[in-house]
Amino acid sequence: MMLTKTCVSRIAPLLRSTALLLLAALFCTEALYAQANLHTDPLNLTPEVREAHVYFYNLDYEGALSRFEAIQRANPQNPMASNYILMTLIFRELYHQDLLDTTYYAHDSFLSSKRDVPVPQATRDRIEQLTNSVVSMCDNLVKQNPSNANAYFARGYARGMHAAFITLADHSFVGAARQGLSSRQDSEEVLRIDPGYADAKMAMGIQQFAVASLPRILRIMIGITGVTGNKEKGLDLLRQCAAQGIVNPVECRTALSLFLRHDGRYPEALAVQRGLAEQYPHDYLFRLEEANLTKDKGDGPGAIATYKRLLDDARKPGYFIDPRLQMTYFGLADTQRGQNMIADAAQDYLHAAEQPKCSEWLKRRAQLNAGEMFDLLHQRDKAVELYNMASAGGGDQSQADAAKKYLKTPYTGT
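Residues numbered from 1 in each chain as written. Predicted model: local features only at pLDDT ≥ 70, side-chain atom pairs only at ≥ 80, totals over all residues. Heavy atoms only, no water.

Asks: For the overall build of the protein, give the residues involved together with the corresponding values.
Replies: Broken down by element type, the protein carries 21 helices and 0 strands. Within the protein, the fraction of its 414 residues that count as buried is 53%. (Helix = DSSP H or I, 4+ residues; strand = E, 2+ residues; numbered from the N terminus. Buried < 20%, exposed > 50% of the residue type's maximum accessible area, 1.4 Å probe, protein only.)

Asks: Please give an account of the side chain of Arg287 that cites residues and values.
Replies: Along the chain, Arg287 turns up in helix H15 (residues 284-296). Looking at Arg287, the relative accessible area reads 13%, which means it is buried. Those residues in contact with Arg287 that lie beyond four places of it in its chain are Ala277, Pro281, Arg309, Leu310, Asp313, Tyr319 and Phe320. (Contact = heavy atoms within 4.5 Å.)

Asks: Break down the side chain of Lys201 for me, with residues and values.
Replies: Within the secondary structure, Lys201 is located in helix H10 (residues 201-213). No salt bridge is formed by the buried Lys201; its nearest oppositely charged neighbour, Asp236, is found at 7.5 Å. Ignoring any residue separated from it by four or fewer positions in sequence, one finds Lys201 in contact with Leu191, Leu237, Gln240, Cys241 and Gln244. (Lys, Arg positive; Asp, Glu negative; His and termini not counted. Salt bridge = Lys/Arg side-chain N within 4 Å of Asp/Glu carboxyl O.)

Asks: Any details on the packing of H10 against helix H13 (residues 249-262)? Residues and values, ideally.
Replies: Pairs of packed helices are described in terms of their axes, by the angle between the two and the distance that separates them. Contact geometry for H10 and H13: axes closest at 11 Å, N-to-C directions at 10°. Relative to H13, H10 is oriented roughly parallel. Of the residues in H13, those in contact with Met202, Ile206 and Phe209 of H10 are Glu251, Cys252, Ala255, Phe259 and His262. Residue composition of the contact of H10 with H13, by class: 6 nonpolar, 1 polar and 1 charged. (Axes fitted to C-alpha atoms, helices over the stretch in contact; angles between N-to-C directions. Parallel < 35°, antiparallel > 145°, perpendicular 65-115°, else oblique. Nonpolar A, V, L, I, M, F, W, Y, C, P; charged D, E, K, R; others polar.)

Asks: Go over the pattern of salt bridges, please, and point to the residues and values.
Replies: Throughout the structure, instances matching the rule amount to 26 salt bridges. Salt-bridge contacts for Arg265 lead to Glu268; the nearest nitrogen and oxygen are separated by 2.9 Å. On the basis of relative accessibility, which here comes to 22%, the residue Arg265 falls in the partly exposed class. A salt bridge links Glu360 to Arg364; its shortest N-O distance comes to 2.8 Å. Placement of both Glu360 and Arg364 in helix H19 (residues 360-376) is noted, with a separation of 4 residues, approximately one turn of the helix. Through salt bridges with shared partners, a single ionic network connects Asp139, Arg155, Arg159 and Asp186.

This is the structure we're talking about:
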């Protein structure tokens, strides 16, 4: 396929290597590149960045990180290069902590969770250093050129990523809300400068939906009473970003699915999630979320079949990178419990707790739930053994109160 002279002239700044020229020829039309050049940092269009994202979306965080670090070394003054490392570090840590199963966030109960997340200090320090470095770099770029849309976007991206991290890992809702608001303001400035910069709509969409979902008293507590929110506007902004964005369309679809699930709009959420699972069939989390949504919409038998297909694929060598099977077994057990398959649920809660990389928090949840199932099966000795495990001293204590209660009085299901 030949490129027209017009196309070549428009994308000439990007065509620095044969590889990029081939990429343009194979995948880009003149209209796409004209639009992309106007509405994103050129770095985001390079084959190196796109290749690293494929590793990231297949949950090969080590492969993604090594590639993004190489990109950062080659582009030390570009804040987006550092942002990609920040993104990978945050999601790798959340995955290792069993915090990327969206069942945990689909309802408001996680707001009051007592869970302690033991993030290694070295990881926490690097996340803080990268966030501060990107913000400082962008501050300087904005001072040099107040119309630098890419700098505003990169700063909002870093703030949004950091807000997500401290929300999920630390339950730091006040700090996260303020960072999220700053990210939204940066994104609004991006769109004021360049109305076609679709990626900026993600932070705005998330903030619109999140603020509209918060009870008024909580808005007062975290100091965002003057900020407006609208769920449908938030969802629409995410849809626009998913359709037109360069940097984060996959993330927008993921957020869209989560928000639809939060509001009980399961068929819509499932349609979005199935599209992601089809695009990235080796992304363990996308496949898991498809099963979770099938469960939530009330199709118990369909969910059980989907969880089991996921476990079957996980047994195939190399099909998934580091699949955290405890999340699948826990979802499967929850579904079996809802279908009154008590003995099956008991065994799969045990399977979840027995996974070698299971977080202490999820392990104790699984032990508590397994104990409840064994109480229903009138196997009191086994139930007591599991309640003792769930309430043992040291480590996560979020299940201790319930476990101690059932040590005194058997669980009856009411």
